[in-house]
Amino acid sequence: MKTSSRSVVDPFIVMDVMEAARAAEEAGRHIIHMEVGQPGSPAPKAARAALSAAMQDQAMGYTVALGLPQLRARIARLYKEWYGITLDPARVIVTPGSSGAFILAFTTLFDAGARVGLGEPGYPSYKQILSALDLQPIGIQTSAQNRLQPVAADLAGLDLDGLIVASPANPSGTMLDRGAMQGLIGACADQGISFISDEIYHGIQYGSRAVSALEISDDVYVINSFSKYFSMTGWRVGWMIVPKDHVRVIERLAQNMFICPSHASQIVALHAMECGDELQGNMAIYTENRRLMLEGLPKCGFDKIAPPDGAFYIYADVSDITDDSRAFAAEILDQAGVAVTPGLDFDHVRGVGTLRFSYARATEDIVEGLARLQAFMGKRGTG
Ligand SMILES: Cc1ncc(COP(=O)(O)O)c(C=O)c1O
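Computed from a prediction, not measured in an experiment: that's the story for all the values here.

S.K.: How should empty space enclosed by the protein be read in this particular structure?
M.R.: Rolled over the atoms, a probe with the dimensions of a water molecule shows which regions are left empty. Throughout the structure, instances matching the rule amount to three cavities of 30 Å³ or more. Put simply, the largest cavity is a space of about 100 Å³. If you go around the largest cavity, you meet 14 residues; those closest to its centre are Gly119, Pro121, Gly122, Gln149 and Ala166. Every element with two or more residues in the lining of the largest cavity is listed here: strand 3 (115-120) and strand 5 (162-166).

Have a look at this one:
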């Protein structure tokens, strides 16, 4: 049987690195994980306990397609708590991770062949999901002076049907401030194109708080997830906020594509939202890890880095060390026992000369990883 041409997408390289790290561990090696963007912590304790209790007397059947009504209402309340926004719960759609939200959003907003802009470096799966849906990802090479985020002027002449941004971004950790967000939303509105804001790293911020696109306009799609701040990657539950008149369109797609997000995960998500103390405890770990990385990476020779505003990554320019980030990451895994992500995942052009370090795991792992990197780079003669 033949496969479709649209199904031929690039691998998510970090998942390949994870697999190589797993194979090394199976062979008896101890690996420090600085590749994958997931918290080392589990879902909050009280949330897991709430699920255990619910499993005693609930069948965990399908929920309605848009998600448990209590969860949708609680998410709406989060917008009041975080941004002071009064949000109608009817506009909240619970999804199988933000990854499920991208499929729903792209399918709802765009016809086959549509051109969707995204900043490079950026989260790799946007491109691959767009391609698999017969849409055209249009990479926008961002500049250091714009903090690796697209700006309104970048959209000129691209003839886009939509734009997706992430703030804080993966891999750079940079945020769009209110003015920058306003500029992009305004430019999209002027050109009559759809604006999608990936806000998955909201809550994980080190200075000023992240601005939601919903603070600026209701005519946008906002996508978020329980994976990062709520420390629930493997539970696969996220959400999106859409204009009210899009809800029924999305409901019909969600019914047919997913039936519903995992019932059990929705229960954990609902209770995780009441676990602020534990989640702030995770934030204290990321804050300390970030400090250690900003201090330690330059000592290893990775000195072309910028302090991230949010998320838990540091994106390093290593172009003076290598022009093959994939081979370099493989060498670091093999020689130092530290898994890192080659920049090629995020930027097909300049990513040959960049690496992403994730600092989402336990602080002792960060300390050990930095020591290994320093020893490796010292021996290599480039540290
Ligand atoms: C920017 C960004 N968006 C979305 C995702 C996908 O997250 P999930 O499907 O777990 O919600 C990730 C995962 O790393 C990410 O970095």
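There is more to say, and it comes next.
S.K.: Quick question: what am I supposed to make of the sheet that holds strand 12 (residues 354-358) here?
M.R.: Pairing between the strands of a sheet is mediated by backbone hydrogen bonds and can be parallel or antiparallel. Spatial ordering of the open sheet is given by 9-12-11, a layout of three strands whose pairing is antiparallel. This sheet does not close on itself; its edge strands, each paired only once, are strand 9 (313-317) and strand 11 (341-342). By the bridge criterion, two bridges tie strand 11 to strand 12 in an arrangement that is antiparallel. Its bridge partner being in strand 12, Pro342 is matched across the sheet by Leu355. Its contacts with the sheet put helix 10 (residues 325-336) on strand 11 and strand 12, and the angle it makes with strand 12 is roughly 45°.

S.K.: Would you explain the pattern of salt bridges in this entry?
M.R.: A pair can form between side chains of opposite charge whenever their charged atoms are brought close. One pass over the full model with this rule turns up 20 salt bridges. The partner of Glu274 in a salt bridge is Arg74, with the nearest N and O atoms 2.5 Å apart. In this pair, Glu274 sits in the loop between helix 8 (263-272) and helix 9 (276-300) while Arg74 sits in helix 3 (residues 69-83), placing the two residues 200 residues apart along the sequence. A salt bridge links Arg248 to Glu251; its shortest N-O distance comes to 3.0 Å. A residue pair is termed a helical-turn pair when its members lie 3 or 4 positions apart in one helix, as Arg248 and Glu251 do in helix 7 (residues 247-257) at three residues.

S.K.: Would you mind going over the packing of helix 4 (residues 97-109) against helix 5 (residues 125-132) with me for this structure?
M.R.: When two helices pack together, their arrangement is given by the angle between the helix axes and the distance between those axes. It is at 10 Å that the axes of helix 4 and helix 5 come closest, and there the two elements cross at 45°. As far as their axial angle goes, helix 5 and helix 4 are oblique. Here the hand of the crossing between helix 4 and helix 5 comes out right-handed. Residue-level inspection shows Ser99, Phe102, Ile103 and Phe106 of helix 4 in contact with helix 5, the latter providing Tyr126, Ile129 and Leu130. Considered class by class, the residues forming the contact of helix 4 with helix 5 number six nonpolar, one polar and no charged.

S.K.: Looking at this structure, how should I read the site of the ligand?
M.R.: In the region of the ligand, 14 residues are neighbours, and Ser99, Asp198, Tyr201, Ser225 and Ser227 sit closest. The side chain of Asn170 places a nitrogen or oxygen atom 2.8 Å from an oxygen atom of the ligand. Relative to its free-state accessible area of 400 Å², the ligand is covered by the protein chains to the extent of 92%. Placement of the ligand is best described as lying within the largest pocket. Considering each element in turn, the shell around the ligand owes the most residues, four residues, to helix 4. Partitioned by chemical class, the residues of the shell around the ligand number five nonpolar, six polar and three charged.

S.K.: Would you mind going over the packing of aromatic side chains with me for this structure?
M.R.: How two aromatic rings sit relative to each other is given by the distance of their centres and the angle of their planes. This structure, assessed with the given rule, holds 21 aromatic pairs. Look at Tyr286 and Phe312: their rings are 5.2 Å apart centre to centre, the planes differ by 65°, and that puts the pair in the edge-to-face class. Within this pair, whereas Tyr286 is found in helix 9, its partner Phe312 is found in the loop between helix 9 and strand 9, the two being separated by 26 residues in sequence. Taking relative accessible area as the criterion, Phe312 reaches 0% and is therefore assigned buried. Counting every residue linked through ring pairs, the aromatic cluster contains Tyr79, Trp82, Tyr83, Phe226, Tyr229, Phe230 and Trp239.

S.K.: In this structure, what is going on with helix 8? I would like to understand it.
M.R.: It helps to recall that an α-helix has 3.6 residues per turn; residues three or four apart then point in one direction. The buried fraction of helix 8 amounts to eight of the ten residues, a majority that puts the element mostly inside the structure. Those residues of helix 8 lying buried are His263, Ser265, Gln266, Ile267, Val268, Ala269, Leu270 and Ala272. In this structure, the buried side of helix 8 is in contact with helix 2 (45-57), helix 3, strand 2 (92-95) and helix 9.

About the criteria used
Residues numbered from 1 in each chain as written. Predicted model: local features only at pLDDT ≥ 70, side-chain atom pairs only at ≥ 80, totals over all residues. Heavy atoms only, no water. 1 Å grid on protein atoms, 1.4 Å probe; cavity = no way out; pocket = protein on both sides within 12 Å on 5 of 7 lines; lining within 4 Å. Points joined across faces, edges and corners; volume = space filled by probe spheres on them. Helix = DSSP H or I, 4+ residues; strand = E, 2+ residues; numbered from the N terminus. Pairing = 2+ DSSP bridges. Contact = heavy atoms within 4.5 Å. Axes fitted to C-alpha atoms, helices over the stretch in contact; angles between N-to-C directions. Salt bridge = Lys/Arg side-chain N within 4 Å of Asp/Glu carboxyl O. Parallel < 35°, antiparallel > 145°, perpendicular 65-115°, else oblique. Left-handed = near helix turned anticlockwise from the far one by under 90°. Nonpolar A, V, L, I, M, F, W, Y, C, P; charged D, E, K, R; others polar. Near = heavy atom within 4 Å. Polar contact = N/O pair within 3.5 Å; in protein donor to acceptor, adjacent residues only side chain to side chain. Areas by Shrake-Rupley, 256 points an atom, 1.4 Å probe, with all protein chains shown as cover. Sits in = over half its atoms within 2 Å of the grid points. Phe/Tyr/Trp six-rings, centres within 6.5 Å; stacked < 30°, edge-to-face > 60°. Buried < 20%, exposed > 50% of the residue type's maximum accessible area, 1.4 Å probe, protein only.

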